[in-house]
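Report on the structure
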Amino acid sequence: MKIAISISNYSRHAGHFMQLCCFCLVALIPLAACSQMKTITWREQVKLSDGQIIVVERTATFRNVYAGGTGNGWLFQRERIKAVLPPLNKEVVWEGGLEPLAIDVAKNGEIYLVAIAETSQGQEEYSIGDTRHAAFKFSGSGQWIRTPVESVPHEIHPNLLIDRVTLFIDHGYSASTVVDLSLKEKLNAAIFTKSYKSWPTK
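The following refers to the structure shown. What you see is a predicted model, and the numbers here were worked out from it, not measured in a lab.

The antiparallel open sheet is built from four strands, whose spatial order is β1-β2-β3-β4. Two strands in the sheet have a free side with no partner beyond their single neighbour: β1 (37-47) and β4 (90-96). Pairwise comparison of adjacent strand axes, ignoring direction, gives a mean angle of 25° for this sheet. Here strand β3 (residues 72-85) pairs with β4 via seven bridges, running antiparallel. Bridged to K82 within β4 is V93. Contacts from helix α4 (residues 181-189) reach β1 and β2 (53-66) within the one sheet, and its direction differs from that of β1 by about 115°.

Okay, structure coming up:
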């Protein structure tokens with residue numbers, strides 16, 4: 001009888017132990033997923049085509065991936081950019097699966113944003129061809145309207161920070177410190193890929 005009770009108790013405790021293990025594993029799954037993602041929010045100075053300098057706020061999310069012989073790396077996922085731009089002098093926000101290269105105001109007062117697809121997912125989402133660029137124009141109704149990249153006025157050029165991973169993740173730069181123009185110019189100068197320097201024009 002004592003043996004039977006001992007076996008019964010063991011089975012019950014073992015069952016509880018297995019349930020606890022399963023619970024812990026399930027609880028750890030979201031934590032593991034979170035550890036694979038990193039979101040950075042920062043502010044940076046942006047020089048507009050008319051010479052004005054504004055400060056924009058950007059939030060970018062990256063996913064940790066295996067990068068072959070170089071080990072792990074951070075793959076861009078999504079970005080949000082917020083700015084107060086003339087002539088409206090009110091806040092405009094853009095968000096999507098592309099990396100913004102420029103946000104600016106044309107001579108006629110129209111607001112443009114030019115971005116590039118860093119992933120095949122971004123290319124598919126926005127139906128972008130081999131050039132990987134997409135352009136948007138801010139409408140009076142408060143919406144971003146897709147427009148041909150070639151239609152972006154010639155006075156607009158890349159004016160946003162490109163290599164966020166090197167600055168904030170690799171070098172540990174404080175995201176609470178505004179990225180000034182001189183630092184951004186130095187970082188962007190190290191980017192040699194032509195598609196980040198310009199886009200197709202007429």
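Don't stop here, the text continues.
Following the sequence through the fold, A102 ends up in strand β5 (residues 99-105). Residue classification places A102 among the buried residues on the basis of a relative accessible area of 1%. Here the alpha-carbon distance between A102 and K47, two residues 55 residues apart in the chain, equals 9.9 Å.

This paragraph deals with unusual backbone geometry. In this chain, P86 is followed by P87 through a cis amide linkage whose omega measures 0°. Relative to the elements of secondary structure, P87 occurs in the loop between β3 and β4. You will see that S127, though not glycine, has its phi angle at about 50°, which is positive. Relative to the assigned elements, S127 resides in the loop between α2 (120-125) and β7 (133-138). Under the relative-accessibility criterion, S127 is labelled exposed at 65%. One non-glycine residue, R132, lies in positive phi territory at about 70°. As for its position among the elements, R132 is in the loop between α2 and β7.

Quick look at the pattern of salt bridges now. A pair can form between side chains of opposite charge whenever their charged atoms are brought close. One pass over the full model with this rule turns up 10 salt bridges. The salt bridge involving R80 is made with E95; its shortest N-O contact spans 3.9 Å. Here the residue R80 occupies a position in strand β3, and E95 occupies one in strand β4, the gap between them amounting to 15 residues. Take E95: its relative accessible area is 45%, and that puts it in the partly exposed class. As a salt-bridge pair, K137 and E110 come within 3.6 Å of each other at their nearest N and O atoms. Separated by 27 residues along the polypeptide, K137 in strand β7 and E110 in the loop between β5 and β6 (111-116) bring together distant segments of the chain.

Spatially, β5-β6-β7-β8 is the arrangement adopted by the four strands of the open sheet, whose pairing is antiparallel. Across the chains shown, the open sheet's two edge strands, defined by having one partner strand only, are β5 and β8 (144-147). Across this sheet, the average inter-strand angle for adjacent strands is 25°, counted without regard to direction. As defined by bridge partners, β7 adjoins β8 across four bridges and the pair is classed as antiparallel. Bridge pairing in β8 places F136 opposite R146.

As a further point, take the nonpolar core. By size, the foremost hydrophobic cluster in this structure holds 23 residues, and its most contacted members are L85, W94, L98, I103, L113, F136 and W144. By size, the runner-up hydrophobic cluster in this structure holds 14 residues, among which are L101, I156, I191 and W199.

What follows deals with α4. The set of residues buried in α4 consists of K184, L187 and N188. Buried positions in α4, seen along its axis, are confined to an arc of 95° and lie on one side of it. Residues S182, E185 and K186 are exposed on α4 and point more than 90 degrees away from its buried face. Against β1 and α3 (164-170) lie the buried residues of α4.

So, how was this worked out
- Residues numbered from 1 in each chain as written.
- Predicted model: local features only at pLDDT ≥ 70, side-chain atom pairs only at ≥ 80, totals over all residues.
- Heavy atoms only, no water.
- Pairing = 2+ DSSP bridges.
- Helix = DSSP H or I, 4+ residues; strand = E, 2+ residues; numbered from the N terminus.
- Axes fitted to C-alpha atoms, helices over the stretch in contact; angles between N-to-C directions.
- Contact = heavy atoms within 4.5 Å.
- Buried < 20%, exposed > 50% of the residue type's maximum accessible area, 1.4 Å probe, protein only.
- Salt bridge = Lys/Arg side-chain N within 4 Å of Asp/Glu carboxyl O.
- Core = buried A, V, L, I, M, F, W, Y, C linked by side-chain atoms within 4.5 Å.
- Arc of directions from axis to C-beta.

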